[in-house]
Amino acid sequence: MESAGVHVILHFNRTEVLHRIALSDLASQLDPARFVRVHRSLIVNIDSIMRLEALSHGEFAIWMKDGARRKISRTYRAALERSQPL
């Protein structure tokens, strides 16, 4: 789930759907055991994460099972590591 202004782009099964809701409002409705915020504009399903990749200067990226690579904010990395050992 990716923020797009007052909308959210939902990514699933290689499909994108635009939904009119703020990412913060959507986050409050999700199960925190299944979904984790990894950036101020990105929430991921932890079951869709394949691996964590160290970049440079303490930055990381996640590789999703569908092949997508997403950058992780240092602010949210600890929450990701607590939710699922990678």
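This structure is a prediction, so every number in the text was calculated from the model and none was measured. (Residues numbered from 1 in each chain as written. Predicted model: local features only at pLDDT ≥ 70, side-chain atom pairs only at ≥ 80, totals over all residues. Heavy atoms only, no water.)

Engineer: Would you take a moment to explain the overall build of the protein chain for this structure?
Structural biologist: Counting its secondary structure elements, the protein chain contains 2 helices and 8 strands. Principal axes of the C-alpha set define a box for the protein chain whose edges measure 35 × 25 × 25 Å. Taken across its 86 residues, the protein chain has 26% of its residues classed as buried. In the protein chain, of all internal contacts separated by at least 6 residues, the share reaching a separation of at least 24 is 26%. Surface accessibility of the protein chain: about 5600 Å² in total, with carbon and sulfur atoms responsible for 49%. Of the charged side chains in the protein chain, 13 are positive and 9 negative, and the gap between their average positions amounts to 3 Å. (Helix = DSSP H or I, 4+ residues; strand = E, 2+ residues; numbered from the N terminus. Buried < 20%, exposed > 50% of the residue type's maximum accessible area, 1.4 Å probe, protein only. Contact = heavy atoms within 4.5 Å. Areas by Shrake-Rupley, 256 points an atom, 1.4 Å probe, with all protein chains shown as cover. Lys, Arg positive; Asp, Glu negative; His and termini not counted. Charge placed at Lys NZ, Arg CZ, Asp CG, Glu CD.)

Engineer: Even after reading the chapter, I still don't get the pairing of strand S5 (residues 42-45), so can you show me in this structure?
Structural biologist: The two faces of the sheet receive side chains in turn, since in a regular strand these alternate between them. Side chains Leu-42 and Val-44 project from S5 onto one buried face, and the interleaved Ile-43 and Asn-45 project onto a second face that is buried too. In the sheet, strand S4 (residues 35-39) pairs with S5 via 4 bridges, with the strands oriented antiparallel. Note that in S5 the partner of Val-36 across the bridge is Val-44. In sequence, S4 turns back onto S5 through a hairpin of 2 residues. (Pairing = 2+ DSSP bridges.)

Engineer: How should the environment of Leu-26 be read in this particular structure?
Structural biologist: Structurally, Leu-26 is set in helix H1 (residues 23-27). Using a relative accessible area of 12% as the deciding quantity, one classes Leu-26 as buried. Placed 25 residues apart in sequence, Leu-26 and Arg-51 show a C-alpha to C-alpha distance of 25 Å. Other than its neighbours up to four places away in sequence, Leu-26 contacts Met-1, Val-8, Leu-10 and Ile-21.

Engineer: How should the pairing of strand S3 (residues 15-19) be read in this particular structure?
Structural biologist: Direction of pairing for strand S2 (residues 7-12) relative to S3: antiparallel, over a ladder of 5 bridges. When the sheet's bridge partners are listed, Ile-9 is paired in S3 with Leu-18. Counted between consecutive antiparallel strands, the loop separating S2 from S3 contains 2 residues, among which Asn-13 sits at a positive phi close to 45°.

Engineer: Is there a simple way to explain the side chain of Asn-45 in this structure?
Structural biologist: By the secondary structure assignment, Asn-45 is in strand S5. You can call Asn-45 buried: its relative accessible area is 17%. Within polar-contact distance, the side chain of Asn-45 engages the backbone nitrogen of Asp-47 at 2.8 Å. (Polar contact = N/O pair within 3.5 Å; in protein donor to acceptor, adjacent residues only side chain to side chain.)

Engineer: Please clarify how the pattern of salt bridges should be interpreted in this entry.
Structural biologist: Oppositely charged side chains may form a pair once their charged atoms are brought near each other. The tally for this structure, following the rule as stated, stands at 3 salt bridges. Ionic pairing is found between Glu-2 and Arg-70, a salt bridge with its closest N-O pair at 3.6 Å. Of this pair, Glu-2 sits in strand S1 (residues 2-4) while Arg-70 is found in strand S8 (residues 69-72), placing the two residues 68 residues apart along the sequence. Here Glu-53 makes a salt bridge to Arg-69, at a shortest N to O gap of 3.1 Å. Placement of the pair is Glu-53 in strand S6 (residues 49-54) and Arg-69 in strand S8, with a sequence separation of 16 residues. On the basis of relative accessibility, which here comes to 22%, the residue Glu-53 falls in the partly exposed class. (Salt bridge = Lys/Arg side-chain N within 4 Å of Asp/Glu carboxyl O.)

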